[in-house]
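Tertiary structure, described
So you can see what is in the structure, the chains are spelled out below.
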Amino acid sequence: MYYDFHLHTSFSSDSQAPMESMIQRGIALGLPGICFTEHMDLDFPPGELNFLVDLPAYEKTCRELKEKYADTISVFFGLEMGLQPHLKKEIPTLAASSDFDFLIGSVHVADRLDPYKKNFYEDRTQYQAYHRYFEVVLENLKTFSCFDTCGHIDYVVRYGPEKNKDYSYWAYRDILDEILKTLIEKGIGLECNSAGFKYGLGHPNPTEDILTRYRELGGEILTLGSDGHTPEHMAYDFPKMGELLKACGFRYYTIFKKRKPEFIKL
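What counts, and where the lines are drawn
- Each residue is numbered by its place in its chain's sequence as written, counting from 1.
- In keeping with the predicted nature of the model, local features appear solely for residues at pLDDT of at least 70, side-chain atom pairs appear and are counted solely at 80 or more, and the whole-chain, interface and lining totals rest on all residues.
- Only hydrogens and water are set aside; all other atoms, that is, all heavy atoms of the structure, feed into the side-chain values.
- A 1.4 Å probe that fits but cannot get out identifies a cavity on a 1 Å grid over protein atoms alone, an open set with protein on both sides within 12 Å along at least five of seven lines counts as a pocket, and a residue lines either if it has an atom within 4 Å of a point.
- Grid points are joined across faces, edges and corners, and a volume is the space filled by probe spheres set on the points.
- Axis definition: a line fitted to C-alpha atoms, limited for helices to the stretch in contact. Angles are taken between N-to-C directions and run from 0 to 180 degrees.
- Helical segments are the DSSP runs of H or I of at least four residues, strand segments are the runs of E of at least two, and each set is numbered from the N terminus.
- Roughly parallel means an angle under 35 degrees; roughly antiparallel means over 145; roughly perpendicular covers 65 to 115; every other angle is labelled oblique.
- Crossings are assigned a handedness: left-handed for a near helix turned anticlockwise from the far helix by less than a right angle, right-handed for a clockwise turn.
- For this analysis, residues touch if any pair of their heavy atoms sits within 4.5 Å.
- Nonpolar residues are Ala, Val, Leu, Ile, Met, Phe, Trp, Tyr, Cys and Pro. Charged residues are Asp, Glu, Lys and Arg, and all others, Gly as well, are polar.
- Only protein chains enter the area calculation, which uses a 1.4 Å probe; residues under 20% of their type maximum are buried, those over 50% are exposed, and those in between are partly exposed.
- This arc is taken over the directions from the axis of the helix to the C-beta atoms.
- Counted as a polar contact is a pair of N or O atoms within 3.5 Å, where, for protein atoms, one must be capable of donating a hydrogen and the other of accepting one, and residues adjacent in sequence contribute only when both atoms are in side chains.

Regarding empty space enclosed by the protein
Taken as a whole, this structure holds one cavity of 30 Å³ or more when the rule is applied. Considering only enclosed or pocket space, the largest cavity measures out at about 30 Å³ in volume. Lining the largest cavity we find Asp154, Val157, Asn164, Tyr167, Leu201, His203, Pro204, Asn205 and Thr207.

Things to note about the packing of helix α4 (residues 126-143) against helix α5 (residues 173-186)
Where α4 meets α5, the axes come as close as 10 Å, and the angle between the chain directions of the two elements is 20°. By the angle between their axes, α4 is roughly parallel relative to α5. Our pair here, α4 against α5, has a crossing hand that is left-handed. For the pair α4 and α5, the contacting residues are His131, Phe134, Glu135, Val137, Leu138, Leu141, Lys142 and Thr143 in the first and Ile175, Leu176, Glu178, Ile179, Thr182, Leu183 and Lys186 in the second. When grouped by side-chain class, the residues that make up the contact of α4 with α5 number eight nonpolar, three polar and four charged.

Structural notes on unusual backbone geometry
In this model, Asn205 is joined to Pro206 through a cis peptide bond whose omega is 0°. Residue position: Pro206 is located in the loop between α6 (195-198) and α7 (208-216). Although it is not a glycine, Phe51 adopts a positive phi angle of roughly 55°. Inspection of the secondary structure puts Phe51 in the loop between β2 (33-40) and α2 (55-68). The exposure class assigned to Phe51 is buried, which follows from its relative accessible area of 13%. A positive phi is found at Asp166, a non-glycine position, where the angle reads about 65°. Inspection of the secondary structure puts Asp166 in the loop between β5 (149-150) and α5. Residue Asp166 is classed as exposed on the basis of its relative accessible area of 62%.

Overview of helix α1 (residues 19-29)
Regarding α1, the residues found buried are Met19, Met22, Ile23 and Gly26. Down the axis, α1 shows its buried residues gathered within 100° of arc, on one side only. Packed against the buried residues of α1 are β1 (4-7), β2, α2 and β3 (74-82).

Focus: the side chain of Asn193
Locating Asn193 in the fold gives a position in strand β6 (residues 189-193). Engagement of the side chain of Asn193 in a polar contact is seen with the backbone nitrogen of Ala195, the distance being 3.0 Å. Not counting chain neighbours up to four residues away, the residues in contact with Asn193 comprise His6, His152, Arg158, Pro204, Asn205, Gly225, Ser226 and Asp227.

What follows is the structure, given as structure tokens:
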């Protein structure tokens, strides 16, 4: 089994799972290590959830449990930062605000709209909505360099009215190549997020074709995460990930300790 480097607990507003229950599940699964990456989405559109973590309380609990379970599983302290281009000062300040092991930069908001909700897709074709989302991903990548991997770059296809019907790397090749080249130029990793299988897409986020293209372009930093918000979703479909990633051209995946990458053979 592999390290799961994208996990949420009750410190994220969209999870109710106690952190210790996630650690115990990781041990039961035989994971060598896990990284908690609680949500911090500054200036998130108003709604039921605010996606703002109590960072001091989160760090305190994480470090206490890291020590408690040190002989059984490695526990790492991370954050999933919600990227928006207008937060040019706030995001780098957040990234430097604590001694993180690992930082994910993810796009959960495009043009002040949440792709989880229907209003993002109104008066747009699926192609237009998805392409606009990718444009915002690219704009964020050109704005920020203060994180270690880019989370679920085709996140939008989880929630579109037709999900990944008629969606492929080839349909959005030009802008996806720009995204991948920008990641490589900046030395930022690409996340393989297995939650795509949980959402019934039949593929990880991003798809195998995008993962393959990233490797063809010279991308080497690849992180693996389940995006689990409950114990039962930890390491989701991880048993198939090794062969899937090898088929995409990878021989190693990446974990981070103190923001430094370590490459582990698949």
